[in-house]
Amino acid sequence: MRERIWAPLPLLLPWLLLPPPLWGGPPDSRHPEREPEPGPLQPFDLLYASGVAAYYSGDYELAVRDLEAALRSHRRLREIRARCARHCAARRPLAPPGAGPGAELPFFRALLERARCYRSCQSQRLGGPASRHRASEDVRSDFQRRVPYNYLQRAYIKLNQMEEAAAAAHTFFMANPEHMEMQQSIENYRTMAGVEDVQLVDQEARPHLESYSAGVKHYEADDFELAIKYFEQALREYFNEDMECRALCEGPQRFEEYEYLGYKAGLYEAIADHYVQVLVCQHECVRELATRPGRLSPIENFLPLHYDYLQFAYYRVGEYVKALECAKAYLLLHPDDEDVLDNVDYYESLLDDNFDPASVEAREDLAMYVKRHKLESELIKSAAEGLGFSYTEPNYWIRYGGRQDENRVPSGVNVEGAEVHGLSMGKKSLPKIVRDLREGGPLLYENITFVYNSEQLNGTQRVLLDNVLSEEQCRELHSVASGIMLVGDGYRGKTSPHTPNEKFEGATVLKALKFGYEGRVPLKSARLFYDISEKARKIVESYFMLNSTLYFSYTHMVCRTALSGQQDRRNDLSHPIHADNCLLDPEANECWKEPPAYTFRDYSALLYMNDDFEGGEFIFTEMDAKTVTASIKPKCGRMISFSSGGENPHGVKAVTKGQRCAVALWFTLDPLYRELERIQADEVIAILDQEQQGKHEMNINPKDEL
């Protein structure tokens with residue numbers, strides 16, 4: 001165990017004594033506790049293991065029985081833990097210790113009484129010791145990802161129970177929306193088994209999400225009274241579910257570094273370490289609740305959207321004070337939103353003259369929520385410094401999306417559409433790369449915006465950057481692309497190398513320079529293609545902190561165009577899932593680094609030129625080539641870069657409308673595999689520079705070099 005500096009107990013006490021949230025309502029008013037099944041609750045992990053074993057042995061009836069029982073047991077266990085935590089917190093409140101010798105003992109006595117209450121409550125409701133229900137990390141991850149429903153839908157198919165199979169498939173898909181195979185299965189249920197959309201029910205849907213969706217539906221129908229009703233209900237349910245999430249955090253925690261026996265950890269240190277783990281867990285409940293299913297990281301702008309919708313809905317029904325309260329609540333999370341700031345000014349102008357606008361404050365429910373969240377953040381950072389561990393506060397309120405409607409008060413809410421989605425699919429071991437992995441080096445150029453690193457993109461050696469190109473440069477590159485590209489270039493002349501539903505065109509740097517020299521496209525634009533690819537190379541080399549020079553392996557400008565009349569009911573990809581330097585074998589969960597793979601490639605980058613098309617998201621997947629871990633929406637100047645091996649399988653979703661253009665770049669650390677055309681392009685650029693400077697000593701015609 002590493003040596004650490006211990007902070008005194010008072011560091012811990014403010015968190016232990018944090019006031020309870022002010023949002024009210026009975027915790028389980030909408031979903032009352034289910035009637036318990038007779039006898040002790042069976043451990044869900046054992047039922048799950050039995051169900052999976054039955055499935056693989058071909059006993060599908062037993063598989064369905066045990067998998068359904070495992071899901072019920074898991075839900076029941078969560079209910080019991082949450083109820084016991086709330087019950088014991090109410091019966092055994094913690095009081096701050098006083099002053100003087102032994103003043104802390106009443107506090108610890110209350111703490112021990114709460115622990116005894118919690119254990120007794122669980123044992124009574126579970127019908128046995130709680131330790132029987134401690135599952136492994138892998139099993140907990142499977143339930144978080146709803147993997148049991150994948151087994152269920154397959155078992156139901158074998159039993160020819162198509163409606164049940166469709167419901168299980170839909171429930172799995174709601175938490176794994178990029179799972180291509182499941183998407184196709186659901187489509188098959190619709191077309192072949194006659195399953196209707198009303199039969200596709202998410203069996204794990206959170207109440208607040210259902211209410212939120214109903215609110216959006218009524219809002220879009222301009223039924224603002226009903227929209228308000230459902231959004232308010234969604235908020236009450238959200239905060240109740242937040243309380244449940246926090247209560248569940250008070251259960252067993254995993255300790256990866258420390259042992260708490262005898263002299264190996266002092267009493268205060270052991271208690272503090274445990275409660276800091278609980279605190280971090282509770283602090284990150286927002287990660288679980290503030291997103292739609294399947295969008296666990298980075299966090300979508302979900303909770304603030306309740307207040308965004310409400311501020312306009314209240315305005316439309318003439319309740320300007322409530323509209324102002326909701327707008328100010330929204331600004332607690334996005335204080336620089338100019339549109340909502342304008343809305344606040346407008347709502348204030350609508351109030352009666354004898355009404356002081358300053359007396360209207362942000363909604364109390366969100367104000368208290370944010371206050372608690374900030375206090376938790378401060379305590380975790382303080383604990384990290386005192387206990388000697390590393391903690392980086394995520395940006396929980398990244399704004400990706402807003403209301404998708406045309407309703408506006410003077411300025412309205414007009415935020416950019418969702419562009420980047422990372423999916424946390426549970427902890428998976430990633431393939432190891434031989435070289436020393438580093439990242440976070442300087443970006444070298446002004447105005448470039450860092451967006452996400454490897455951790456935020458749920459992978460290894462990944463980075464997402466914006467503003468690598470300006471809007472003017474994007475337009476210029478897009479213009480030159482139309483003049484130099486050939487159908488099938490880079491794909492051995494194949495018009496549609498990856499899908500028959502799109503046309504592929506491409507061009508190399510050398511070809512662009514040749515066309516520029518011949519006057520077929522502006523030489524300045526051809527030179528821009530060369531310059532921005534070199535800029536990208538320098539950024540990748542610097543950001544990943546490489547010890548040796550990064551060389552071009554291949555540089556290619558490529559456009560994918562959706563073919564009209566061929567986009568209905570598409571379920572294929574624009575570019576299938578693959579890795580850049582090895583042969584991906586999803587069945588074996590391997591990536592074979594052998595020919596015909598380009599085994600010499602070490603890093604890859606894609607620099608996007610436009611966003612005026614539909615579809616075409618770049619996706620990372622796990623080794624199964626099905627489970628998406630991150631999805632990137634292209635736009636002008638955006639660049640995604642990553643290491644080229646099996647640790648980063650990737651592909652491109654179907655382009656269903658318009659044309660998607662990008663500069664694709666592959667790099668190598670081995671100079672023996674430098675791109676020959678790039679070397680020629682370097683020489684041409686050098687000669688053009690000399691000619692521009694009026695230096696004609698070299699008797700080399702650039703045209704000959706081309």
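Look above for the structure.
This is a predicted model, so every value here is computed, not measured.

### Observations regarding helix α6 (residues 147-158)
Thinking step 1. In this model α6 runs 18 Å from its N-terminal to its C-terminal C-alpha over twelve residues, within 8% of the 16 Å that 1.5 Å per residue would give.
Thinking step 2. The buried fraction of α6 is high, at nine of twelve residues.
Thinking step 3. A positive phi of about 60° marks asparagine 160, the residue just after α6.

### Looking at the side chain of serine 454
Thinking step 1. In this fold, serine 454 is placed in the loop between β2 (449-452) and β3 (462-466).
Thinking step 2. On the basis of relative accessible area, serine 454 is assigned to the buried category, the value being 5%.
Thinking step 3. Looking at serine 454, its side chain comes within polar contact range of the main-chain nitrogen of glutamine 461, at 2.9 Å.
Thinking step 4. Engagement of the side chain of serine 454 in a polar contact is seen with the backbone nitrogen of arginine 462, the distance being 2.7 Å.
Thinking step 5. In this structure, serine 454 is in contact with Glu439, Gly459, Thr460, Gln461 and Arg462, ignoring residues within four places of it in sequence.

### Concerning the environment of threonine 171
Thinking step 1. Within the fold, threonine 171 resides in helix α7 (residues 162-175).
Thinking step 2. Between the alpha carbons of threonine 171 and alanine 205 there is a distance of 8.1 Å; along the sequence they are 34 residues apart.
Thinking step 3. Those residues in contact with threonine 171, other than ones at most four positions away along the chain, are Arg146, Tyr149, Val201, Asp202, Gln203 and Glu204.
Thinking step 4. At 3.0 Å, the side chain of threonine 171 forms a polar contact with the backbone nitrogen of glutamine 203.

### A look at the sheet that holds strand β14 (residues 639-643)
Thinking step 1. Taken together, the eight strands give an open sheet; going across it, the order is β2-β3-β14-β10-β17-β6-β5-β4, and neighbouring strands pair in antiparallel fashion. The strands lining the two open edges of the sheet, one partner per strand, are β2 and β4 (486-487).
Thinking step 2. Bridge count between β2 and β3: three bridges; the pairing is antiparallel. Its bridge partner lying in β3, phenylalanine 450 is registered against leucine 465.
Thinking step 3. The sheet strands contacting helix α17 (residues 471-484) are β4, β5 (502-507), β6 (551-562), β10 (603-608) and β17 (659-668), and the helix crosses β6 at an angle near 80°.

### Some remarks on the environment of arginine 81
Thinking step 1. Here arginine 81 shows up in helix α3 (residues 60-91).
Thinking step 2. It is 9.7 Å that separates the C-alpha atoms of arginine 81 and arginine 119, two residues lying 38 residues apart in sequence.
Thinking step 3. Sequence-distant contacts of arginine 81, defined by excluding residues within four places in its chain, comprise Tyr118, Gln122, His133 and Leu248.

### Observations regarding the nonpolar core
Thinking step 1. Grouped together as the largest cluster of nonpolar side chains are 48 residues, with contacts concentrated most on Leu477, Met557 and Met639.
Thinking step 2. Elements supplying a minimum of two residues to this core: β3, α17, α18 (509-517), α19 (523-543), β6, β10, β17 and α20 (676-692).
Thinking step 3. Residue contacts for leucine 477: discarding those within four places in its chain leaves Leu469, Leu528, Phe529, Ile532, Met557 and Met609.
Thinking step 4. Ranked by size, the runner-up nonpolar core spans 45 residues in total, among them Ile80, Phe173, Ile186 and Leu200.

### Brief notes about the packing of helix α14 (residues 320-333) against helix α15 (residues 338-350)
Thinking step 1. Orientation of α14 relative to α15, taken along the N-to-C sense of each, is 155°, at an axis distance of 9 Å. As the angle between them shows, α14 and α15 are arranged roughly antiparallel. Pair α14 / α15 crosses with left-handed handedness. Only Val340, Leu341, Val344, Tyr347, Glu348 and Leu350 of α15 make contact with α14, whose side of the interface consists of Tyr320, Ala323, Leu324, Ala327, Lys328, Tyr330 and Leu331.

Rules used throughout
Residues numbered from 1 in each chain as written. Predicted model: local features only at pLDDT ≥ 70, side-chain atom pairs only at ≥ 80, totals over all residues. Heavy atoms only, no water. Helix = DSSP H or I, 4+ residues; strand = E, 2+ residues; numbered from the N terminus. Expected span 1.5 Å × (residues − 1). Buried < 20%, exposed > 50% of the residue type's maximum accessible area, 1.4 Å probe, protein only. Polar contact = N/O pair within 3.5 Å; in protein donor to acceptor, adjacent residues only side chain to side chain. Contact = heavy atoms within 4.5 Å. Pairing = 2+ DSSP bridges. Axes fitted to C-alpha atoms, helices over the stretch in contact; angles between N-to-C directions. Core = buried A, V, L, I, M, F, W, Y, C linked by side-chain atoms within 4.5 Å. Parallel < 35°, antiparallel > 145°, perpendicular 65-115°, else oblique. Left-handed = near helix turned anticlockwise from the far one by under 90°.

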